[in-house]
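One letter stands for each residue in the lines below.
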Amino acid sequence: MSDTPALGFDTLQIHAGASPDPATGARQTPIYQSTAFVFRDADHAAALFNLQEVGFIYSRLTNPTVAALADRITALEGGAGGICCSSGHAAQIMALFPLMGPGKNIIASTRLYGGTVTQFSQTIKRFGWSAKFVDFDDLDAVKAAIDDDTRAVFCESIANPGGYITDMRAIADISDAAGVPLIVDNTSASPYLCRPIEHGATLVVHSTTKYLTGNGTVTGGCVVDSGKFDWSASDKFPSLSAPEPAYHGLTFHEALGPMAFTFHSIAVGLRDLGMTMNPQGAHYTLMGIETLSLRMARHVENAVKVAEWLENDDRVDYVTYAGLPSSPYHGRMAQYCPKGAGALFTVALKGGYDSCVKLVDNVNLFSHVANLGDARSLIIHSASTTHRQLTPEQQEAAGASPNVVRLSIGIEDANDLIADLDQALAAATA
Ligand SMILES: *Cc1c(COP(=O)(O)O)cnc(C)c1O
C-alpha cells in the first residue's frame, strides 16, 4: 500500500500491509504457521541470503503474517520500515541494538513505564550500556547530559502511568543538534492519537500488547524507523555506516539507504537475538488494529468522563490526566495529540496508601491487573506492583507515588465505570 499514501487512517488500519492471499484468495491475512519457506532454486536462496532479493527464509527472521503486521504499523506511524518482536521490551532492545556498544549511553526521560526504568537502569548494564535519567521538561539538563558516548535519546509520547505529554519537538531539536536519534515509545498514545515521526522521532517503539491488540490476548512489540536519520553523518553508528562483520562486510546504510535500520534489525538483530514475534500472535494484533481508531476514540471519551467525575469527588486529592484543563500538560495536547490524551491516568486519594489498596480490593468491573490498553477497564496500585522495584525518588518522578492508583479506562459504558469507582471509593474511605 506504500504507493497510495493518501489513504486515511481508518482505511490503512484495515488494508495496509495486506492483500488477498495470492495462493488461495483468502481475504483475511492467513496465519502462515510455517517455520521455513521453500527456495525456488539455489540462486534464489543465495539472493535471499545476500539481501539482493526480499523474501521469506525462516520465521525467526521474517514470516508473511508478521510482515503484514509490521507493514501495517509502519503505515499507521508514517515510517519507512518496521520490525515486529516478541514484546514491547524486546522492541526496546531491538531499537537500541544497532546503535549501542560497550561504554555507550542513552539519555532517558524519568517519566517511563516502570519496567523500562528497570531495563534501562539495571539490565542493559550487562551489555556495557548505560542510561542517564533526566527530567525532560528541563531542556538544559537534557542537553547537558548528552556526551560523546551518547547514542540515543529515549522518551514516551504520553508517558505511563499517565498525565504527562513529552515536548517531543523540543527534545527532537536537541537530539538532532547532537547528531543522535530520538526513540519514542508510543504505546500509550497509539498512532491514532499521536504520530511521533511527525514531531521529529527517528524510531518509534511499541508494546503491541496494549492498544494495538486492544484485548489483552498476546504480547508483542514493534520498532518503526522513520528512514530519515543519516547514519553516515558521523562515525557513531558503525553497525549501519561501516562494513558489518556479522553480515559478510555489508555496509547497511550505503546499500539500503532509508531501509538500513530495518534490514539490519532483521538480518542481524532478529537473526542473532531471536526476539521474534510468532505468526499466531501477529494474527491477534492484526485483528485488533482493524478497530484501533474506533476503540481509541471511545477510550478517550470514557477517560475524560471518568477523570472529570473523579476530579470533582471529595475523596480524591487530585487526578493527573493531560485531557483535563487542570493538567499542566493540557496545552501540549493540542500540539501532539489533538484527538485526546489517551486513557491512562493516575488518581491520588486523600486516604493515601491504605485507601489505594482498599480501592483496588473493592472494584468489581475494573480488573486489578498489571496491564493497560485493554478493552476492559483496569486498575493497579503502581507503587506496590509495577513500580515496586523503583526507589521512592524514582516512583515519585515516574508519577507512581504510594498515594496514587493508575487507571486504564476501557470501552465499556462510562456510567458503569463511574458507579463502580463510586462504590469502591465508599468502601475505601469508610
Ligand atoms: C507495557 C509497556 C512496555 C513493555 O511492553 P511488553 O509488551 O510488556 O514487553 C513498554 N512501554 C510501555 C509504555 C508499556 O506500557
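No experiment lies behind these values; they were computed from the predicted model shown.

On to the sheet that holds strand β10 (residues 316–320), then. Pairing is mixed in the open sheet, where 5 strands are placed in the order β10-β11-β14-β13-β12. A strand with exactly one partner marks an edge of an open sheet, and here the two such strands are β10 and β12 (367–368). As paired strands, strand β11 (residues 344–349) and strand β14 (residues 404–408) are joined by 5 bridges and run antiparallel to one another. The partner of Ala-348 across the bridge, within β14, is Val-404.

Here we come to the site of the ligand. The local shell around the ligand holds 15 residues, among which Gly-88, Asp-185, Ser-207, Thr-209 and Lys-210 are the closest. Between the ligand and the protein, one listed contact pairs an oxygen atom with a backbone N or O atom of His-89 at 2.9 Å. At 2.8 Å from an oxygen atom of the ligand is found a side-chain nitrogen or oxygen belonging to Ser-207. Burial of the ligand by the surrounding chains reaches 92%, relative to a free accessible area of 380 Å². The dominant element in the shell around the ligand, judged by the number of residues it contributes, is helix α4 (residues 88–96), at 3 residues. Taken together, the residues that form the shell around the ligand break down as 2 nonpolar, 10 polar and 3 charged.

This paragraph deals with the nonpolar core. A general trend in soluble globular proteins is that nonpolar side chains are found buried together. In this structure, Phe-136, Leu-310, Val-319, Tyr-321, Phe-345, Leu-407 and Ile-409 are the most contacted members of the largest nonpolar core, which totals 82 residues. Per-element tally for this core: the top contributor is helix α13 (residues 292–311), with 7 residues. Domain assignment of the residues forming this core places at least three in each of domain 1 (9–99 + 181–288) and domain 2 (293–428). Dropping the residues within four chain positions of it, Leu-407 is found in contact with Leu-310, Ala-343, Leu-344, Phe-345, Val-347, Phe-366, Leu-378, Ile-379 and Leu-421.

Here the UniProt feature "modified residue: N6-(pyridoxal phosphate)lysine" (unreviewed entry) sits at Lys-210. Considering the arrangement of structural elements, one finds Lys-210 in the loop between β8 (203–207) and β9 (221–225). Overall, Lys-210 belongs to the buried group, its relative accessible area being 9%. Contact partners of Lys-210, with chain neighbours within four places excluded, come to Tyr-113, Thr-187, Asn-371, Leu-372 and Gly-373.

Reading the values: rules and limits
Residues numbered from 1 in each chain as written. Predicted model: local features only at pLDDT ≥ 70, side-chain atom pairs only at ≥ 80, totals over all residues. Heavy atoms only, no water. Pairing = 2+ DSSP bridges. Helix = DSSP H or I, 4+ residues; strand = E, 2+ residues; numbered from the N terminus. Near = heavy atom within 4 Å. Polar contact = N/O pair within 3.5 Å; in protein donor to acceptor, adjacent residues only side chain to side chain. Areas by Shrake-Rupley, 256 points an atom, 1.4 Å probe, with all protein chains shown as cover. Nonpolar A, V, L, I, M, F, W, Y, C, P; charged D, E, K, R; others polar. Core = buried A, V, L, I, M, F, W, Y, C linked by side-chain atoms within 4.5 Å. Buried < 20%, exposed > 50% of the residue type's maximum accessible area, 1.4 Å probe, protein only. Domains from an automatic or database assignment. Contact = heavy atoms within 4.5 Å. UniProt positions renumbered as here; feature names shortened; annotations may be inferred.

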